[in-house]
Amino acid sequence: MKNKVSARAHTNIALIKYWGKQDPDLIIPYNNSLSLTLEHFYTDTTVTFDDTLSEDTFFLNDQRINDKKVVHFLDIVRDKAQKNVFAKVESTNHVPTSAGLASSASAYAALALAASSAIGLQLTKRELSRLARRGSGSASRSIFGGLVEWEKGHNDEDSFAVPIEENVTWDIQMIAIMINSHEKEIDSRSGMQHSVDTSPFYHDWVKTTEQDLIDMKDAISKRDLAKVGQIAENNAMKMHATTLSANPSFTYFNPDSIRAMDAVKNLRKSGITCYFTMDAGPNVKIICSKAETPYILNKLSPLFGADNLLVAKPGPGATII
Ligand SMILES: O=C(O)C[C@@](O)(CF)CCOP(=O)(O)OP(=O)(O)O
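Computed from a prediction, not measured in an experiment: that's the story for all the values here.

Peer 1: Please explain the packing of helix H1 (residues 68-81) against helix H3 (residues 125-135) as it appears in this structure.
Peer 2: Angle between the axes and distance between the axes are the two parameters that describe a pair of packed helices. In the contact formed by H1 and H3, the axes pass within 9 Å of each other and the chain directions differ by 145°. By crossing handedness, the relation of H1 to H3 is classed as right-handed. On H3, the residues touching His72, Phe73, Ile76, Val77 and Lys80 of H1 are Arg130, Leu131, Ala132, Arg134 and Gly135. For the contact of H1 with H3, the residue count by class is five nonpolar, two polar and three charged.

Structure below.
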């Protein structure tokens, strides 16, 4: 038996962050999060289940990788299908490698769709979101396009993403500023666990995200880009406050990240509607309008290099290709 399926999923950037797990095994978060799936960055994954294989193999950008998380994920898929068959997984990240945007979100959303389809499971999008969540929390959101909310839930059944606006018709997009990271970053999984375990502000962070989410959904319903940006920027900085206040302290900011955040604030002072967000890396993502993107690029290119400014508009959910 040899079944092969390919899928594509796009990465997403959270406007209200997921940062910390109530249940690390099932990947159940402490709070709801909300993201924008992006057109520009995506992962293509081909999964071939083949009963002549004696082990799972995984190739990322044509390089063989031994990744226990992928094997664990395939075990979950095999268990769901009640089938004992190995797979060959071939993934290509269409993200500039230096970008540090090669997120687990697009990778596990594409893997969830390709693997479940190849093994013969016909999952609903909600079931796919729950499955992708088992690979990486943010992947639950990349099953859907546009603006998406991950409902935290309490268990494997009720923790999944729902679309808020899959086809975004109003003017919002992002510009990712590629910042060079010299030191090895702390990956999001260990970073968030350390914040949960040691930051005295962690549970206050969780509390404030509840109101942020309400305010964000109201701003989205009003197509109020400035309000969306202001809430997103403040939410991201509160998330990063839990890393600075962890013990020992750590941060994803580097000097160029600070320079980029200052540049965004200066543009805003000059009347441009632009806000920033940051995740588990030094890159800064600008939330802005298509209309003002050319002006922003023109102002930031001399500071960061035009090649390091990547424009990304809202993108689609995961699909079979
Ligand atoms: O995307 C967000 O909401 C915020 C973050 O990007 C901030 F860095 C975290 C994403 O964490 P993820 O990689 O999904 O963790 P996993 O569940 O441990 O695999």
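Peer 1: What is the right way to look at the sheet that holds strand E10 (residues 173-177) in this model?
Peer 2: In sheet architecture, strand pairing relies on hydrogen bonds along the backbone and comes in two forms, parallel and antiparallel. Pairing is antiparallel across the open sheet formed by four strands, whose spatial order is E11-E12-E10-E13. Only two strands of the sheet have a single partner each, and these edge strands are strand E11 (275-277) and strand E13 (309-312). With strand direction ignored, the average angle separating the axes of adjacent strands in the sheet is 30°. Bridging between E10 and E13 involves four bridges; their strand directions are antiparallel. In the strand pairing of E13, isoleucine 177 is matched with leucine 309. On top of the sheet, helix H8 (residues 255-269) reaches E10, E11 and strand E12 (284-288); it is set at about 155° to E11, its chief contact.

Peer 1: How should unusual backbone geometry be read in this particular structure?
Peer 2: Generally, phi is negative for residues other than glycine and the peptide bonds are trans, each holding for most cases. Between asparagine 247 and the following residue, proline 248, the backbone shows a cis peptide bond with an omega angle of 0°. Assignment of secondary structure puts proline 248 in the loop between helix H7 (225-244) and H8. Unlike most non-glycine residues, isoleucine 27 shows phi in positive territory, near 55°. Mapped onto the fold, isoleucine 27 is located in the loop between strand E2 (21-23) and strand E3 (28-29). We note that arginine 223 has phi near 50°; this positive angle belongs to a residue other than glycine. Relative to the helices and strands, arginine 223 is located in the loop between helix H6 (202-221) and H7. Assessed through its relative accessible area of 38%, arginine 223 is described here as partly exposed.

Peer 1: Looking at this model, I keep getting lost on the environment of isoleucine 231. Mind explaining?
Peer 2: Following the sequence through the fold, isoleucine 231 ends up in helix H7. Given a relative accessible area of 5%, isoleucine 231 falls into the buried group. Beyond its immediate sequence surroundings of up to four residues, isoleucine 231 is in contact with Ile16, Asp212, Asp215, Met216 and Ala219.

Peer 1: Before we go on, may I ask you to explain H3 in this structure?
Peer 2: Note on helix geometry: an α-helix contains 3.6 residues per turn, so any two residues three or four positions apart are oriented the same way. Across the eleven residues that make up H3, a large majority, eight, are buried. Those residues of H3 that fall on the buried side of the exposure criterion are Leu128, Ser129, Arg130, Leu131, Ala132, Arg133, Arg134 and Gly135.

Peer 1: I'm lost on the domain arrangement of the chain in this one. Help?
Peer 2: Interface size is often expressed as the accessible area that is lost when the parts come together. Here the domain parsing of the chain yields domain 1 (2-169) and domain 2 (173-311). Summarising the inter-unit geometry, the C-alpha centres of domain 1 and domain 2 are found 24 Å apart. Between domain 1 and domain 2, the residue contacts involve 32 residues of the former and 40 residues of the latter. For the pairing of domain 1 and domain 2, the buried interface totals around 2,800 Å² over both sides, and the portion due to carbon and sulfur atoms is 67%. For the pair domain 1 and domain 2, the interface holds three salt bridges. With a shortest N-O distance of 2.8 Å, arginine 223 and glutamate 165 are connected by a salt bridge. Linking domain 1 with domain 2 are eleven residue pairs in polar contact (both at pLDDT 80 or more), by the criterion used here.

Peer 1: Teacher, can you tell me more about the pattern of salt bridges here?
Peer 2: Side chains that differ in charge, positive against negative, can pair when their charged atoms come close. Taken as a whole and judged by the stated rule, the model has 18 salt bridges. Ionic pairing is found between lysine 285 and aspartate 279, a salt bridge with its closest N-O pair at 2.8 Å. On the basis of relative accessible area, lysine 285 is assigned to the buried category, the value being 6%. Looking at aspartate 279, the relative accessible area reads 19%, which means it is buried. Where salt bridges share partners, they join Arg130, Arg133, Asp156 and Glu157 into one cluster.

Peer 1: Help me out: how do you make sense of the packing of aromatic side chains in this one?
Peer 2: Note on aromatic pairs: each is described by the distance of the centres and the angle between the planes. Throughout the structure, instances matching the rule amount to five aromatic pairs. Measuring from centroid to centroid gives 5.4 Å for phenylalanine 73 and tyrosine 108, while their planes differ by 65°, and the two rings are edge-to-face. Highlighted residues: phenylalanine 73 in helix H1 and tyrosine 108 in helix H2 (residues 104-118), separated in sequence by 35 residues. In this structure phenylalanine 73 comes out as buried when scored by relative accessible area, which is 0%. We classify tyrosine 108 as buried; its relative accessible area is 6%. With a centroid separation of 5.6 Å and 85° between ring planes, the pair formed by phenylalanine 250 and tyrosine 252 is classed as edge-to-face. Note on accessibility: phenylalanine 250 and tyrosine 252 belong to one class, buried. Taken together, the aromatic side chains of Trp19, Phe250 and Tyr252 make up a single cluster linked through ring pairs. Taking NZ or CZ as reference, lysine 88 lies 5.4 Å from the ring centre of phenylalanine 59, over its face.

Definitions and cut-offs
Residues numbered from 1 in each chain as written. Predicted model: local features only at pLDDT ≥ 70, side-chain atom pairs only at ≥ 80, totals over all residues. Heavy atoms only, no water. Axes fitted to C-alpha atoms, helices over the stretch in contact; angles between N-to-C directions. Helix = DSSP H or I, 4+ residues; strand = E, 2+ residues; numbered from the N terminus. Left-handed = near helix turned anticlockwise from the far one by under 90°. Contact = heavy atoms within 4.5 Å. Nonpolar A, V, L, I, M, F, W, Y, C, P; charged D, E, K, R; others polar. Pairing = 2+ DSSP bridges. Buried < 20%, exposed > 50% of the residue type's maximum accessible area, 1.4 Å probe, protein only. Domains from an automatic or database assignment. Buried area = accessible area lost by both parts, 1.4 Å probe. Salt bridge = Lys/Arg side-chain N within 4 Å of Asp/Glu carboxyl O. Polar contact = N/O pair within 3.5 Å; in protein donor to acceptor, adjacent residues only side chain to side chain. Phe/Tyr/Trp six-rings, centres within 6.5 Å; stacked < 30°, edge-to-face > 60°. Lys NZ or Arg CZ within 6 Å of the ring centre and 35° of its normal.

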